[in-house]
Amino acid sequence: MDFKTATALRRLRLVSAPEAVSFLLLLICSVLKRTSDFNAVPVMGMVHGVLFILYVVFWADAWNRAKWKWQTAALYFVLSVLPTGGFFAERKLKRETEAGVIAARARKEGVVNA
């Protein structure tokens, strides 16, 4: 795994958890708007919208650089629209990045022909 691919996966990973948190907060704010006088939906909507756009841009970059199959790319996109999916995406991306870095180091040191 080259540096640019690892960086693209890291950016996607770093934005996935905050995007998931903002989605959950937006859902909570929507419920509070209907049940009380508290209305933070416009603010949380904007925060979540910006984070979601960043997620999609970073997802497209990671898909391009990592050469994912369309099933893998679709999985990461579906995880972005589920309320807690970002947490699962972050964990899966962390494992994928670590495995790629380990394989790249092993190839560099001549340990394996991977």
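Residues numbered from 1 in each chain as written. Predicted model: local features only at pLDDT ≥ 70, side-chain atom pairs only at ≥ 80, totals over all residues. Heavy atoms only, no water.

**Student:** So, the UniProt feature "domain: DUF3817" (unreviewed entry) in the chain: which residues are in play, and what are the values?
**Tutor:** What UniProt calls "domain: DUF3817" (unreviewed entry) maps, in this numbering, to residues 9–95. Helix makes up 87% of residues 9–95 and strand makes up 0%, while its end C-alpha atoms are separated by 11 Å. (UniProt positions renumbered as here; feature names shortened; annotations may be inferred. Helix = DSSP H or I, 4+ residues; strand = E, 2+ residues; numbered from the N terminus.)

**Student:** Give me the packing of helix H3 (residues 70–81) against helix H4 (residues 85–109): which residues, what numbers.
**Tutor:** Packing of H3 against H4 brings their axes to within 7 Å, and their N-to-C directions diverge by 145°. Of the residues in H4, those touching H3 at Leu 75, Tyr 76 and Leu 79 are Gly 85, Gly 86, Phe 88, Ala 89, Lys 92, Leu 93 and Glu 96. Within the contact of H3 with H4, the residues separate by chemical class into 6 nonpolar, 2 polar and 2 charged. (Axes fitted to C-alpha atoms, helices over the stretch in contact; angles between N-to-C directions. Contact = heavy atoms within 4.5 Å. Nonpolar A, V, L, I, M, F, W, Y, C, P; charged D, E, K, R; others polar.)

**Student:** Could you give an account of the pattern of salt bridges, naming the residues involved and the relevant values?
**Tutor:** Scanning the entire structure with this criterion turns up 3 salt bridges. One salt bridge in this structure joins Arg 13 and Glu 90, with 3.1 Å as the shortest N-O distance. Separated by 77 residues along the polypeptide, Arg 13 in helix H1 (residues 3–35) and Glu 90 in helix H4 bring together distant segments of the chain. You can call Glu 90 partly exposed: its relative accessible area is 23%. For Asp 61, the salt bridge identified is with Arg 65, shortest N-O distance 3.0 Å. Placement of the pair is Asp 61 and Arg 65 together in helix H2 (residues 41–66), with a separation of 4 residues, close to one helical turn. It is possible to trace a salt-bridge network through shared partners that takes in Arg 11, Asp 61 and Arg 65. (Salt bridge = Lys/Arg side-chain N within 4 Å of Asp/Glu carboxyl O. Buried < 20%, exposed > 50% of the residue type's maximum accessible area, 1.4 Å probe, protein only.)

**Student:** How would you sum up the nonpolar core? Please name residues and give values.
**Tutor:** One finds Leu 12, Tyr 55, Trp 59, Ala 62, Trp 68, Tyr 76 and Leu 93 to be the most contacted residues of the largest nonpolar core, which totals 15 residues. Of all elements in the fold, only H1, H2, H3 and H4 reach the threshold of two or more residues within this core. Among the elements that make up this core, the one with the highest residue count is H2 (5 residues). Among all residues touching Ala 62, those that are not within four sequence positions of it are Ala 8, Leu 9, Leu 12, Lys 67 and Trp 68. (Core = buried A, V, L, I, M, F, W, Y, C linked by side-chain atoms within 4.5 Å.)

**Student:** So what about unusual backbone geometry? Which residues, and what values?
**Tutor:** The backbone of Lys 67 shows a phi angle near 55°, a positive value even though the residue is not glycine. Considering the arrangement of structural elements, one finds Lys 67 in the loop between H2 and H3.

**Student:** Please set out the UniProt feature "transmembrane region" (unreviewed entry) in the chain residue by residue, giving values where relevant.
**Tutor:** In this structure's numbering, the residues bearing the UniProt feature "transmembrane region" (unreviewed entry) are residues 39–58 and 70–89. Counted over residues 39–58, helix gives 90% and strand 0%. Its end C-alpha atoms are 30 Å apart. In residues 70–89, the share of helix is 85% and the share of strand is 0%. The end C-alpha atoms are 16 Å apart.

**Student:** Before we move on, could you go through the environment of Phe 58 and cite the residues and values that matter?
**Tutor:** One can find Phe 58 in helix H2. A C-alpha to C-alpha distance of 9.3 Å links Phe 58 and Arg 10, two positions 48 residues apart in sequence. Every residue in contact with Phe 58, bar those within four places of it in the chain, is listed here: Arg 11, Leu 12 and Val 15.

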